[in-house]
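Structure at a glance
Next come the chains, spelled out residue by residue.
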Amino acid sequence: MACPERLKKRAEFLAAAKGRRQHQRCFTMQARRRSEAQGDAPRFGFTVTKKTGNSVIRNRIRRRFREIVRLHAAGDARPGMDYVLVGRIDALTAGFDDLRREFLSALHKIHSAERKPDR
RNA sequence: CCAGUCGGCCGGACAGCCGCCGUCGAAAGAUGGAGGAAAGUCCGGGCUCCACGGAGAAACGGCGCCGGAUAACGUCCGGCGGGGGCGACCCCAGGGAAAGCGCCACAGAAAGCAAACCGCUUUUCGCCAAGGAUUCUCCUUGGCUAGGAGUAAGGGUGAAAGGGUGCGGUAAGAGCGCACCGCGUUGGCGGUAACGUCGGCGGCACGGCAAGCCCCGCCGGGAGCAAAACCGAAUAGGGACGACAGGAGCAAUCCACCCCUUCUCCGGGGCGUCGUCCGGGUUGGUUGCACGAGGCCUCCAGCAAUGGAGGUCCCAGAUGAAUGGCUGUCACGCGCCGCAAGGCGCCAUACAGAACCCGGCUUACAGGCCGACUGGCGCU
RNA sequence: UGGGGCGUCGCCAAGUGGUAAGGCAGCGGAUUUUGAUUCCGCCAUCCGUAGGUUCGAAUCCUGCCGCCCCAG
């Protein structure tokens, strides 16, 4: 499972946008629990609006997000979750290690917030 | 060496590790993987479906010097004419204004039928003044008013004023006459042509704007790969209310009305129609889809655009949409530090990412390379 | 992908070949003890931008830039 599943439908994005949000310098992470079953893989989606820049900039931000997700999805993401990364312009210029740190931090904060209402 | 003009080209290179998409393969793996503009979507085609039939007319849109190239073009090439530049060279939607309509503000006497006005010249009558001859009166000169005739030189303007400059001519003037320039017309010569050139004739009339309407010539059916075809799934040709429902026939049905086919005629097709409300379903896959007006090399024809022949190559195919992340070495540029060697930095580089495919146009672009040419300066 | 429209002062806007109305806001002044109201004056000249046509362009034509809307 090197490449995790992707969100593809507009309705899935809208549903994720209603979940928890965690803002970072380079992106905003939106997350929603899709199902309680442990067998369901986590899924990711990316959003970069046209306001951010031209197609080269948007594609590059999306590709950097994909690389981050590829490296960390298996270990750090929770099964049954849908994540959406909304890119900002800083995601283009930030160092890759910084981007990675922000991603892990956002995951951690979302998960700890998720745990509280459950228990 | 400096300044400049034109044309063409490149637009990081080589590796390693981890990944992504396609193709081949049972697998391991092998192999291919963004551009000169892929962009804007401004033109022209291919392709697909619809109308697809016949005839005609009109409307609308586009184009517009000439010749050539091309599948076609609003593109390209070579000329012509006009304008700009010392020059290399650059720019131009560049048909028609004696078919018609319209416009030409302000200023100006007048802005489009060419005359009127102010003036200028001359003449007649009358009046006034001066001078001369002198009996009334007459003559000369000057001025004023009115009338007649001749004029278009001049009239602060204006973008533009019924050719321009000069000489002659005249009462004053005037193409009235002459020379040159311009214009019109006609003939010869050169050129496929646009056009050029030479000569004759005409004394000159014919202002500008058609990127105002328009006229002439040429071209154009509509929509677009979310086109379209196939497979599969699902739902079924729904229900309620209101309005309008002509004619023939016992009836099935047919015709009319209406709708579609740009318009009209013939022809063809659809059918109860329209409005409001309620309810239900599909939003998967494959093909289209990458061998093409294709790339590269050589030769030939042509000034060139381009065309022909031979050889050789197969070179992205995604669909929430594949090229990314990290690292090393080197080239180039810029900045900082340093006397220098060198070091450090710029996520180590502009504009920018294929979406059915081609030919163009337009726009964006860090830095660099090559060639041809022009004007200066210096040296030999 | 195809089609339509817009861009004029800080804001809303008129002007469709002859030198850019009007309103709101702002600034200055008058009236008023002060304020409000009222009145007067000022406020574009790079009409989104670059060219062209014309004697003359916000207006006509062409290319760009930005924004909005519609259909699938």
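Keep in mind that this is a model prediction, so the values were computed, not measured.

**Thoughts on the protein's contact with RNA strand B**
Every one of the 21 residues lining RNA strand B counts as a neighbour, but Arg6, Lys8, Ser55, Arg62 and Arg70 are closest to it. Among the atoms of RNA strand B lying within 4 Å of the protein, the sugar-phosphate backbone contributes 64%. Interatomic distance of 2.3 Å between a side-chain N/O atom of arginine 62 and a phosphate oxygen of RNA strand B. Note that a phosphate oxygen of RNA strand B is positioned 2.9 Å from one of the side-chain N or O atoms of arginine 66. Secondary structure elements with two or more residues in the surface near RNA strand B: α1 (10–17), β4 (43–47) and α2 (55–76). Ranked by the residues each element gives to the surface near RNA strand B, the list is headed by α2, at ten residues.

**A word on the pairing of strand β5 (residues 81–87)**
Burial within β5 is extensive, with six of its seven residues counted as buried. Taken together, the seven bridges between strand β3 (residues 27–33) and β5 define a ladder with antiparallel strand orientation. Looking at the pairing, arginine 32 lines up with aspartate 82 of β5. Relative to β5, β4 runs parallel, the two sharing five bridges. Within β5, the residue paired with phenylalanine 44 across the bridge is tyrosine 83.

**Details of the packing of aromatic side chains**
Taken as a whole and assessed by the stated rule, the structure comprises four aromatic pairs. Here the aromatic rings of phenylalanine 27 and phenylalanine 65 are separated by 5.8 Å at their centres, their planes lie at 80°, and the arrangement is edge-to-face. With a gap of 38 residues between them, phenylalanine 27 in strand β3 and phenylalanine 65 in helix α2 connect regions that are remote in the sequence. Overall, phenylalanine 27 belongs to the buried group, its relative accessible area being 1%. The buried category is assigned to phenylalanine 65, whose relative accessible area is 2%. Residues phenylalanine 44 and tyrosine 83 carry aromatic rings whose centres are separated by 4.8 Å and whose planes lie at 20° to one another, so their mutual orientation is stacked.

**Side note on the pattern of salt bridges**
With the rule as written, the count across this model stands at five salt bridges. With its nearest N and O atoms 3.8 Å apart, the salt bridge here joins arginine 25 to glutamate 102. Of this pair, arginine 25 sits in the loop between β2 (20–23) and β3 while glutamate 102 sits in helix α4 (residues 96–118); the two residues are 77 residues apart in sequence, bridging distant segments of the chain. Note on arginine 25: relative accessible area 44%, which makes it partly exposed. Its relative accessible area of 11% is what places glutamate 102 among the buried residues. Arginine 101 is the partner of aspartate 98 in a salt bridge, and the nearest nitrogen-oxygen pair spans 2.9 Å. A residue pair is termed a helical-turn pair when its members lie 3 or 4 positions apart in one helix, as aspartate 98 and arginine 101 do in helix α4 at three residues. Here arginine 101 falls in the exposed class, since its relative accessible area comes to 53%. A single salt-bridge network, built from bridges that share partners, covers Arg32, Arg43 and Asp82.

Parameters at a glance
- Residues numbered from 1 in each chain as written.
- Chains lettered and ligands numbered in written order.
- Predicted model: local features only at pLDDT ≥ 70, side-chain atom pairs only at ≥ 80, totals over all residues.
- Heavy atoms only, no water.
- Near = heavy atom within 4 Å.
- Polar contact = N/O pair within 3.5 Å; in protein donor to acceptor, adjacent residues only side chain to side chain.
- Helix = DSSP H or I, 4+ residues; strand = E, 2+ residues; numbered from the N terminus.
- Buried < 20%, exposed > 50% of the residue type's maximum accessible area, 1.4 Å probe, protein only.
- Pairing = 2+ DSSP bridges.
- Phe/Tyr/Trp six-rings, centres within 6.5 Å; stacked < 30°, edge-to-face > 60°.
- Salt bridge = Lys/Arg side-chain N within 4 Å of Asp/Glu carboxyl O.

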